[in-house]
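Here is what each chain is made of, one letter per residue.
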Amino acid sequence: MAITAAMVKELREQSGAGMMDCKKALTATDGDMEKAIDYLRENGMVKAAKKADRIAAEGLCEGLVSEDGKTAAVVEVNSETDFVAKNDLFKGFVHDVAVQALATESADLDAFMAETWKADPSKTVQDALVAEIAVISENLKIRRFEKISEENGFITAYTHAGGKIVVLVDVETDVVNDAIKEMAKNVAMQAAAMRPKYNSRAEVDQEYLEKEKEVLLAAAKNEKPNANDKIWNGMVMGRINKELAEICLQDQVYVKAEDGKQTVNKYVAQVAKENGANISIKRFVRFETGEGIEKRQENFAEEVAAQIRK
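All values derive from a computational prediction rather than experimental measurement.

## Focus: the overall build of the protein chain
Turning to step 1, where the next piece is worked out: On a plain count of helices and strands, the protein chain comes out with 13 helices and six strands.
Turning to step 2, where the next piece is worked out: When the 310 residues of the protein chain are sorted by exposure, 43% land in the buried category.
Turning to step 3, where the next piece is worked out: Counting contacts in the protein chain only where the partners sit at least 6 residues apart, residues at least 24 apart contribute 62% of the total.
Turning to step 4, where the next piece is worked out: Of the roughly 17400 Å² of accessible surface on the protein chain, a fraction of 50% belongs to carbon and sulfur atoms.

## Section: the packing of helix 9 (residues 178-194) against helix 12 (residues 264-274)
Turning to step 1, where the next piece is worked out: Where helix 9 contacts helix 12, the axes come no closer than 10 Å and their chain directions differ by 170°. Here helix 9 is positioned roughly antiparallel relative to helix 12, judged by the angle of their axes. Of the residues in helix 12, those in contact with A179, I180, E182, M183, N186, V187 and Q190 of helix 9 are V264, Y267, V268 and V271.
Turning to step 2, where the next piece is worked out: For the contact of helix 9 with helix 12, the per-class residue count stands at eight nonpolar, two polar and one charged.

## Notes on the sheet that holds strand 4 (residues 153-160)
Turning to step 1, where the next piece is worked out: Read from one edge to the other, the open sheet built from three strands follows the order 4-5-6, with strand pairing classed as antiparallel. Each edge of the open sheet is held by one strand with a lone partner, namely strand 4 and strand 6 (279-288). Neighbouring strand axes in the sheet, compared pairwise and without regard to direction, differ in orientation by 15° on average.
Turning to step 2, where the next piece is worked out: Here eight bridges tie strand 4 to strand 5 (residues 165-173), and the two strands are oriented antiparallel to one another. By the bridge assignment for strand 5, Y158 is matched with V167.
Turning to step 3, where the next piece is worked out: Across the sheet, helix 9 is in contact with strand 4, strand 5 and strand 6; its angle to strand 5 comes to roughly 140°.

## Comments concerning the nonpolar core
Turning to step 1, where the next piece is worked out: By size, the foremost hydrophobic cluster in this structure holds 25 residues, and its most contacted members are V169, V171, M183, V187 and I279.
Turning to step 2, where the next piece is worked out: Those elements giving two or more residues to this core turn out to be strand 4, strand 5, helix 9, helix 12 and strand 6.
Turning to step 3, where the next piece is worked out: With seven residues, helix 9 is the largest single contributor of residues to this core.
Turning to step 4, where the next piece is worked out: The contacts of V169, once residues within four sequence positions are left out, are F154, I155, T156, A184, V187, A188, I281, R283 and F284.

Rules used throughout
- Residues numbered from 1 in each chain as written.
- Predicted model: local features only at pLDDT ≥ 70, side-chain atom pairs only at ≥ 80, totals over all residues.
- Heavy atoms only, no water.
- Helix = DSSP H or I, 4+ residues; strand = E, 2+ residues; numbered from the N terminus.
- Buried < 20%, exposed > 50% of the residue type's maximum accessible area, 1.4 Å probe, protein only.
- Contact = heavy atoms within 4.5 Å.
- Areas by Shrake-Rupley, 256 points an atom, 1.4 Å probe, with all protein chains shown as cover.
- Axes fitted to C-alpha atoms, helices over the stretch in contact; angles between N-to-C directions.
- Parallel < 35°, antiparallel > 145°, perpendicular 65-115°, else oblique.
- Nonpolar A, V, L, I, M, F, W, Y, C, P; charged D, E, K, R; others polar.
- Pairing = 2+ DSSP bridges.
- Core = buried A, V, L, I, M, F, W, Y, C linked by side-chain atoms within 4.5 Å.

In structure tokens:
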């Protein structure tokens, strides 16, 4: 039987399940609406739909690196509560998502969610997520993933706070040994702790920099109205350099620097010299759980009172 858009719409309105889930249910039941609803319930899709509007801002990130060190992936999977994030079942699911990401060829999340689930080829990644929601009884979300490769060196992964933060660092180098691997781990720890936005100054948007210079120049003229262009420009560049030293990984002061002055870039150069290597930190990826998600502030006393008043 041909499944029409109208049938999918009707089932979606009745069940609250997602469009693709409704289409799948109708296909599996040959268009029988009642059986399709049963199918959705049996597969946890209705339960998942009811939870879909709940904010999932907790959860875990996980990073995996291939055996040869040439490929790595990091994922973020969200849950509603930190309690679930500590659950072994949830941790196992996050690991399976990371395994999927390490093998994926998908360029975006939509394609990733439509892939065949490696842990169970009878499902898609989306199906596996829905099934997990049914078991755990919280809204879960595979929020993002990133996969990177490095043929001329290696990638390291660092996990902080049990998966709250994961950093991948892409190291291009003609020498790979324990000292250089340790350097890469230290740089990853730096990125985890200091939250840089960019790897180097070359990545900073030039339009943003020009706008920032305009704002800082106006501020400098207000502060020292009787100064000249040389002084004003010096004030602007000093403040720009200070800002870049905070937001660019390689310009940051290395947290383990004994003199409190050595930058990450100089630390990497030092390790390169000591090991007779040519080393470049090409990029980093930093995932922090719940980053940018507005968390709902719960007031349980008010919630209970509201229930009593109903």
